[in-house]
Amino acid sequence: MLSKEKTMEAISRMYEMFPEAHGELVSDNPFQLLIAVILSAQATDVSVNKATPALFAAYPTPEALSQAPIEGIIEKIKTIGLYRNKAKNIKACAEMLLEEYGGEVPKTREELIKLPGVGRKTANVVMGDAFGFPAIAVDTHVERVSKRLRICKLKASVTEVEETLMRKVPKELWVKTHHTMIFFGRYHCMARSPKCEICPLLDLCQDGKDRLKIAK
C-alpha cells in the first residue's frame, strides 16, 4: 500500500490536474442538496440535474415535498433510476425533517443517517458541501481510485476506504480530496478505459503499471 507521504503525493498531482474540482449536483440550499444526493444513488449527477429543476420548482421546501402526492413526485423524477423507491424516500425524508428537526437539515452524521434514503456517503456529502464540515464521501470513483493506487487494501470495505483516507489525508483537505478524487475517477481513471498511458500518477500506480504490461 502507498505510504502516507506517497498518498499525498498522488493526491497533490490530482489537485494539479483538476484544480476546479467541485460537487456537480446543482442546488440552492442544504435541503435541495440533501434531496439531490439521495436521488444520485446509482444514478449520474447529470441525470439528477436534469430532473431536479422541475422537482424543486414544484416542491421547493420540506413542507411542500412532504405534502406532495407520491405520483406527482414520481412524474418529476421518473428519468432517474430507482425513481419509485427514491420518490418514497425523499417524501419520507421531508416529513422527518419537519417532525424531528423543525424543517432544517441536521448537521451531524448521526442525525443525517437517520433520514430515509440517507447512508453514510450521502451524509458525508451534505456535511462537506452544505456545511463545510470535514468529511470524505466514498463513492464508486473514490473507492476505485483508492484501490487502483493501493492507497487502501483491495478488499477494503467502503467504510475501510473512508477510514484509510481519513488517516492519510489531513483533515482540512478531506472535502477537497473527495471532490478531486471523484473528478480524477470520472474523467481520467475511468472504470473501463483508464488513461494509464498518459497518467501523471503512473509511477505511483501499481494497477496502471500492471495494465500497461498486459497491453504490451
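Residues numbered from 1 in each chain as written. Predicted model: local features only at pLDDT ≥ 70, side-chain atom pairs only at ≥ 80, totals over all residues. Heavy atoms only, no water.

Visitor: Help me understand the UniProt feature "domain: HhH-GPD" (unreviewed entry) in the chain, please; the structure alone is not making it clear to me.
Guide: Those residues carrying the UniProt feature "domain: HhH-GPD" (unreviewed entry) are residues 39-187 in this numbering. End C-alpha atoms of residues 39-187 are separated by 21 Å, and the span's content is 66% helix alongside 0% strand. (UniProt positions renumbered as here; feature names shortened; annotations may be inferred. Helix = DSSP H or I, 4+ residues; strand = E, 2+ residues; numbered from the N terminus.)

Visitor: Which parts of the structure should I look at to understand the nonpolar core?
Guide: Soluble globular proteins tend to pack their nonpolar side chains together in the buried interior. In terms of nonpolar packing, the biggest core is built from 38 residues, with Leu-34, Leu-55, Ile-73 and Leu-115 touching the most fellow members. Listed by contribution, the elements that provide at least two residues to this core are helix H2 (30-39), helix H3 (45-58), helix H5 (70-77), helix H6 (83-101) and helix H8 (120-131). Tallying contributions element by element places H2 first for this core, with eight residues. The contact partners of Leu-115, leaving out residues within four places of it in the chain, are Leu-34, Cys-93, Met-96, Leu-97, Tyr-101 and Pro-106. (Core = buried A, V, L, I, M, F, W, Y, C linked by side-chain atoms within 4.5 Å. Buried < 20%, exposed > 50% of the residue type's maximum accessible area, 1.4 Å probe, protein only. Contact = heavy atoms within 4.5 Å.)

Visitor: Where do I start with the side chain of Asn-124 in this structure?
Guide: Looking at the secondary structure, you find Asn-124 in helix H8. Each residue touching Asn-124, except ones within four places of it in the same chain, is listed here: Arg-109, Ala-135, Ile-136, Ala-137 and Glu-162.

Visitor: I'm lost on the UniProt feature "binding site: [4Fe-4S] cluster" (unreviewed entry) in the chain in this one. Help?
Guide: Residues given the UniProt feature "binding site: [4Fe-4S] cluster" (unreviewed entry) here are Cys-189, Cys-196, Cys-199 and Cys-205. A maximum C-alpha distance of 11.1 Å is found for the annotated residues, which run over 17 residues; spatially they form one tight group. Residues within four places of Cys-189 in sequence aside, it is in contact with Arg-144, Val-145, Arg-148, Phe-184 and Pro-194. Here Cys-196 shows up in the loop between helix H11 (174-187) and helix H12 (206-215). Not counting residues within four places of it along the chain, the set of residues in contact with Cys-196 comprises Leu-202, Gly-208, Arg-211 and Leu-212.

Visitor: So what exactly am I meant to see when it comes to the side chain of Glu-162 here?
Guide: Topologically, Glu-162 is positioned in helix H10 (residues 158-168). Looking at Glu-162, its side chain comes within polar contact range of the side chain of Arg-120, at 2.7 Å. Sequence-distant contacts of Glu-162, defined by excluding residues within four places in its chain, comprise Arg-109, Arg-120, Asn-124, Ile-136 and Val-138. (Polar contact = N/O pair within 3.5 Å; in protein donor to acceptor, adjacent residues only side chain to side chain.)

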